[in-house]
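Fold and contact review
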Amino acid sequence: MAKQERAIRTRRACLVAAAEIFNECGYEAATIAAIIDRAQLTRGALYFHFTSKEELARGVLAEAVTTEGMVPQPLKLQEWADIALLLAHRLPREPLLSASIRLSVDSKARGMFGTRWPDWIELVGKVLLEAKERGELLPHVDPADTARLFVGAWTGVQLVSEVMPEGRDLSREISRLLELILPNIAVPGVLARLDTSPFRAERLLGADRSTAAS
């Protein structure tokens, strides 16, 4: 068991180091040597888990779609908002998540590995479909269209906020995006009950980790 746990930690260290280098240099300029140096592992330890930079990139992308911190809510639209807010809170703090976007917008890496945007669209689309079935969405709202457009908008906000000279906080920017979109898709009675605070994700993650520790 201890050996298995060490292997899991080593694999994770390889992915985090690769993500950090991809974020700093881009996919094409990243090297195995730089990743090994960042991970502080031997070449053999890295190659035991990943035989190439391509495999590392695929491993990083495999970690991109995550619902850590999600808690079932009475309203499906709250769960939908929580997905967006949690990702906004976690992405600047977790290299694996930010690297997955860096790889997705890199034309060469995207051509080689694709992106996880279709998976995000599917995830949020399912939540919106459930919200529609429960009567939480306005009659004209199409869950699939809304999911696709929202993932595009979320990604755009993230990319722009990252390069703004004043350093826009992503959680606040996504909170504002939700405030702009939700009145156009949510029925009034549901809209009044939704929490889109930029601090909500932090509270959810704290509650989730407290539950896991107890």
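Coordinates for the structure precede this section.
Residues numbered from 1 in each chain as written. Predicted model: local features only at pLDDT ≥ 70, side-chain atom pairs only at ≥ 80, totals over all residues. Heavy atoms only, no water.

For the protein, the count of helices and strands is twelve helices and zero strands. Reading the helices (α) and strands (β) of the protein from amino to carboxyl end gives α-α-α-α-α-α-α-α-α-α-α-α. Taking 17 Å as the expected radius of gyration for a compact globule of 214 residues, we find that the protein reaches 19 Å, a close match to that expectation. The C-alpha extent of the protein, read off along each of the three principal axes, is 60 × 45 × 35 Å. A buried classification covers 44% of the 214 residues belonging to the protein. (Helix = DSSP H or I, 4+ residues; strand = E, 2+ residues; numbered from the N terminus. Rg over C-alpha atoms; globule rule 2.2 N^0.38 Å. Buried < 20%, exposed > 50% of the residue type's maximum accessible area, 1.4 Å probe, protein only.)

Leu77, Trp80, Trp154, Ile174 and Leu178 are the most contacted members of the largest nonpolar core, which totals 39 residues. Elements supplying a minimum of two residues to this core: α5 (76–90), α6 (95–105), α8 (117–133), α9 (143–163), α10 (170–181) and α12 (200–213). The element best represented in this core is α5, accounting for nine residues. Aside from chain neighbours lying at most four places away, what touches leucine 178 is Trp80, Ala81, Ala84, Leu85, Phe150, Pro183 and Thr196. Judged by nonpolar contacts, the second largest core, of 24 residues, contains Leu15, Ala19, Ala39 and Leu96. (Core = buried A, V, L, I, M, F, W, Y, C linked by side-chain atoms within 4.5 Å. Contact = heavy atoms within 4.5 Å.)

With their axes 8 Å apart at the nearest point, helix α1 (residues 2–25) and α6 run at an angle of 50° to one another. Between α1 and α6, the angle falls in the class oblique. Crossing geometry of α1 relative to α6 is assigned as left-handed. Where α1 approaches α6, its residues Arg12, Leu15, Val16, Ala19, Glu20, Phe22, Asn23, Glu24 and Cys25 are matched on the opposing element by Pro95, Leu96, Ser98, Ala99, Arg102 and Leu103. Along the lines of polarity and charge, the residues of the contact of α1 with α6 split into nine nonpolar, two polar and four charged. (Axes fitted to C-alpha atoms, helices over the stretch in contact; angles between N-to-C directions. Parallel < 35°, antiparallel > 145°, perpendicular 65-115°, else oblique. Left-handed = near helix turned anticlockwise from the far one by under 90°. Nonpolar A, V, L, I, M, F, W, Y, C, P; charged D, E, K, R; others polar.)

The next subject is the environment of asparagine 23. Checked against the element boundaries, asparagine 23 lands in helix α1. In this structure the side chain of asparagine 23 is engaged in a polar contact, spanning 3.4 Å, whose partner is the backbone oxygen of proline 95. (Polar contact = N/O pair within 3.5 Å; in protein donor to acceptor, adjacent residues only side chain to side chain.)

Let's shift gears to the packing of α1 against helix α2 (residues 32–39). Remark: α1 packs on α2, axes separated minimally by 8 Å, with the N-to-C direction vectors making an angle of 125°. Classified by the angle their axes make, α1 and α2 are oblique. Helix-helix and strand crossings are classified by hand; for α1 and α2 the assignment is right-handed. Residues Ala13, Cys14, Ala17, Ala18, Glu20, Ile21, Phe22 and Glu24 of α1 lie in contact with α2, whose contacting residues are Ala34, Ile35, Arg38 and Ala39.

Here we take up the packing of aromatic side chains. In the structure shown here, the tally under the stated rule is three aromatic pairs. Plain terms: the ring middles of tyrosine 27 and phenylalanine 113 are 5.4 Å apart, the flat faces sit at 80° to each other, and that makes the pair edge-to-face. Taken together, the residues tyrosine 27 in the loop between α1 and α2 and phenylalanine 113 in helix α7 (residues 107–113) connect sequence positions 86 residues apart. Across the pair, phenylalanine 113 and tyrosine 27 agree in class, each one buried. Measuring from ring centre to ring centre gives 4.6 Å for tryptophan 80 and phenylalanine 150, while their planes differ by 45°; the resulting arrangement is tilted. (Phe/Tyr/Trp six-rings, centres within 6.5 Å; stacked < 30°, edge-to-face > 60°.)

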